[in-house]
Structure formats: C-alpha cells, structure tokens
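In case you want the letters, here they are:
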Amino acid sequence: MLERSGRRNPLRLLWGWLRTPRFSPLAMTVANRSVLAANLSFLGGHAARLRDGMLWLLGHFAEGRLVPLPVEPYPLEEVIAAHRRLESGGTVGKIVLVP
C-alpha cells in the first residue's frame, strides 16, 4: 500500500482498504470456512536453522520416532461413505478422495 519511495498515498490506501474483503469470524466458524496464509519470505536469513530442523525431522521419521498420520483413500464414487466417515468423528489423519 505504500509507494516504493515509502511515502503514503492516501488515495491508494483508501482504495486498498475499500477492496479488502470483510468477513465475520463467527459466521466463518458456523459455515466451516477459514482464511489461511503463510509468509515464509522472512525466513530467508534463517536457511541454516531451517535445514537443521528439516534434517532433525527426517532423521526422526527414518528412525521411526515420528510416524505420519494415516491416510484413508476413497474412490470418488464413494464420496458419501467418505463424508460419513468424516462426520463420524472417529477419523485420525486424512481422508482423501481419489478421482
């Protein structure tokens, strides 16, 4: 929203504010919707730390100390069964529809 020079442009700020979507967090919860974002650009200076963390994770997976959650695949034709399974509340891991 700021100009490259760093100065504020009131019209551009207003236009950006007007174009920003409005939402109600409570309504989103009821509708089972979410807003997710990830900005990893600030981690560029921490590449060594990220690499160490990734090597730690991979080592634990290789040794069996960390186990990925199960994946339950369902053919797309069985979407109703997959949805029932999801609504049962007994799922652990992910349910995947396979086309």
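Residues numbered from 1 in each chain as written. Predicted model: local features only at pLDDT ≥ 70, side-chain atom pairs only at ≥ 80, totals over all residues. Heavy atoms only, no water.

1. Notes on the overall build of the protein
Scanning the protein for helices and strands turns up 4 helices and 2 strands. Counting helices and strands in the order they occur from the N terminus, the protein gives α-α-α-β-α-β. Its C-alpha atoms give the protein a radius of gyration of 22 Å, clearly above 13 Å, the size a compact globule of 99 residues would have. C-alpha extents for the protein along the principal axes are approximately 55 × 40 × 25 Å. Burial statistics for the protein: of 99 residues in total, 5% are counted as buried. A fraction of 13% describes how many contacts in the protein between residues 6 or more apart in sequence connect residues 24 or more apart. Accessible surface computed for the protein: about 9200 Å², of which carbon and sulfur atoms make up 63%. The average position of the 13 basic charges and that of the 7 acidic charges among the side chains of the protein differ by 17 Å. (Helix = DSSP H or I, 4+ residues; strand = E, 2+ residues; numbered from the N terminus. Rg over C-alpha atoms; globule rule 2.2 N^0.38 Å. Buried < 20%, exposed > 50% of the residue type's maximum accessible area, 1.4 Å probe, protein only. Contact = heavy atoms within 4.5 Å. Areas by Shrake-Rupley, 256 points an atom, 1.4 Å probe, with all protein chains shown as cover. Lys, Arg positive; Asp, Glu negative; His and termini not counted. Charge placed at Lys NZ, Arg CZ, Asp CG, Glu CD.)

2. Observations concerning a nonpolar patch on the surface
The grouping of Met54, Leu55, Trp56, Leu57, Leu58 and Phe61 at the surface amounts to a nonpolar patch, some 590 Å² of accessible area in total. Take Trp56: it is sitting in helix α3 (residues 47-63). (Patch = residues over 30% accessible without salt bridge, like charges linked within 9 Å, V, L, I, M, F, W, Y side chains within 5 Å. Salt bridge = Lys/Arg side-chain N within 4 Å of Asp/Glu carboxyl O.)

3. Comments concerning the environment of Pro21
Checked against the element boundaries, Pro21 lands in the loop between α1 (10-19) and α2 (25-30). Between the C-alpha atoms of Pro21 and Ala82, which are 61 residues apart in sequence, the distance is 33 Å.

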